[in-house]
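Structural features, examined
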Amino acid sequence: MSTIYLNTVIKADIHYVFDLARNIDLHQQSTSKSHEKAIAGRTSGLIEENETVTWRAKHLGVYQNLTTKIVSMEKPVQFIDVMQKGAFKSMRHRHIFKTVNGKTLMTDIFEFESPLGFIGKLFNAFFLRGYMKKFLVKRNELIKTIAESSTRDGIAIF
């Protein structure tokens, strides 16, 4: 199993950052390069606990579907999404939020495992881990940009 840890410090209210992180429309905006689109389950707005979303995206030249479910949510400190169906053997993404010195520390713990045994482990080590980290960093950069530049009384402008 591979694990990616990311910390992003954002100069914005924890509630606002939490909502941006679970916003389906923002996620689609951050993944425009892979043409990611929510096609089933919750397809726009803020995803909630026990809801699913199915994403269709082009990764590595192939269109793939990935269905995740929010299995746990404690507003505004954490939520966890887990793959229900998709190309991974397993995938779990924990989103953690904490107020530190008036800013929000957003932590991602992204755990995944590729299928195909030993070949999958090699693929993780030599390619997929870096690819997924870049994917998450881009998403976090957009959350940070929006949170720090477009807030007005805690209301998103996007």
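Model, not experiment: these values are computed from the prediction.

We now examine the overall build of the chain. On a plain count of helices and strands, the chain comes out with three helices and nine strands. Counting from the amino terminus, helix and strand elements in the chain follow one another as β-α-α-β-β-β-β-β-β-α-β-β. Taking 2.2 N^0.38 as the reference for a compact globule, 158 residues should give roughly 15 Å; the C-alpha atoms of the chain span a radius of gyration of 15 Å, in line with that estimate. Seen along its three principal axes, the alpha-carbon backbone of the chain occupies a region of about 50 × 30 × 30 Å. Looking at the chain as a whole, 42% of its 158 residues qualify as buried.

Bringing unusual backbone geometry into the picture now. Keep in mind that most residues, glycine aside, have a negative phi and that most peptide bonds are trans. In this model, Lys75 is joined to Pro76 through a cis peptide bond whose omega is -10°. Locating Pro76 in the fold gives a position in the loop between β4 (62–74) and β5 (78–85). Look at Leu116: it is not a glycine, yet its phi comes out positive at around 75°. With respect to the helices and strands, Leu116 occurs in the loop between β7 (103–113) and α3 (117–149). Judged by relative accessible area, which is 67%, Leu116 ranks as exposed.

Bringing the confidence of the model for the chain into the picture now. Model confidence for the chain is summarised by a mean pLDDT of 91, while 94% of its residues fall at 70 or above. For the chain, per-element mean pLDDT is lowest for strand β9 (residues 155–156), which scores 50, and highest for β5, which scores 98.

Between the first and last C-alpha of α3 there are 44 Å, a value that for 33 residues agrees with the 48 Å anticipated at 1.5 Å per step. The largest bend along α3 reaches roughly 55° and is located at Asn124.

Strands sit in the order β1-β7-β6-β5-β4-β3-β2 across an open sheet of seven strands; the sheet is antiparallel. In this open sheet, the two edge strands, each paired with only one partner strand, are β1 (2–10) and β2 (37–41). Neighbour-to-neighbour, the strand axes of this sheet turn through a mean angle of 25°, independent of strand direction. The sheet contact formed by β5 and strand β6 (residues 90–100) spans five bridges and is antiparallel. Among the inter-strand pairings, Phe79 is bridged to a residue of β6, identified as His95.

This brings us to a nonpolar patch on the surface. Residues Leu60, Phe118, Leu122, Phe123, Phe126 and Phe127 make up a contiguous nonpolar surface patch of roughly 660 Å² in combined accessible area. Residue position: Leu60 is located in the loop between β3 (52–59) and β4. With a relative accessible area of 47%, Leu60 lands in the partly exposed category.

So, about the side chain of Ser114. As for its placement among the helices and strands, Ser114 is situated in the loop between β7 and α3. Taking relative accessible area as the criterion, Ser114 reaches 9% and is therefore assigned buried. When sequence neighbours within four positions are dropped, the list of residues in contact with Ser114 reads Lys89, Gly120, Phe123, Asn124 and Leu128.

Within the largest apolar cluster, 23 residues are counted, with the highest numbers of intra-cluster contacts made by Val17, Phe97 and Ile143. Of all the secondary-structure elements, those providing two or more residues to this core are α1 (14–21), α2 (24–30), β3, β4 and α3. The dominant element in this core, judged by the number of residues it contributes, is α1, at six residues. Membership of the second largest hydrophobic core comes to 12 residues, among which are Leu66, Phe88, Phe112 and Leu128.

Thresholds applied
Residues numbered from 1 in each chain as written. Predicted model: local features only at pLDDT ≥ 70, side-chain atom pairs only at ≥ 80, totals over all residues. Heavy atoms only, no water. Helix = DSSP H or I, 4+ residues; strand = E, 2+ residues; numbered from the N terminus. Rg over C-alpha atoms; globule rule 2.2 N^0.38 Å. Buried < 20%, exposed > 50% of the residue type's maximum accessible area, 1.4 Å probe, protein only. pLDDT = per-residue confidence, 0-100. Expected span 1.5 Å × (residues − 1). Bend = angle between axes of the 7 residues up to and from the residue. Pairing = 2+ DSSP bridges. Axes fitted to C-alpha atoms, helices over the stretch in contact; angles between N-to-C directions. Patch = residues over 30% accessible without salt bridge, like charges linked within 9 Å, V, L, I, M, F, W, Y side chains within 5 Å. Areas by Shrake-Rupley, 256 points an atom, 1.4 Å probe, with all protein chains shown as cover. Salt bridge = Lys/Arg side-chain N within 4 Å of Asp/Glu carboxyl O. Contact = heavy atoms within 4.5 Å. Core = buried A, V, L, I, M, F, W, Y, C linked by side-chain atoms within 4.5 Å.

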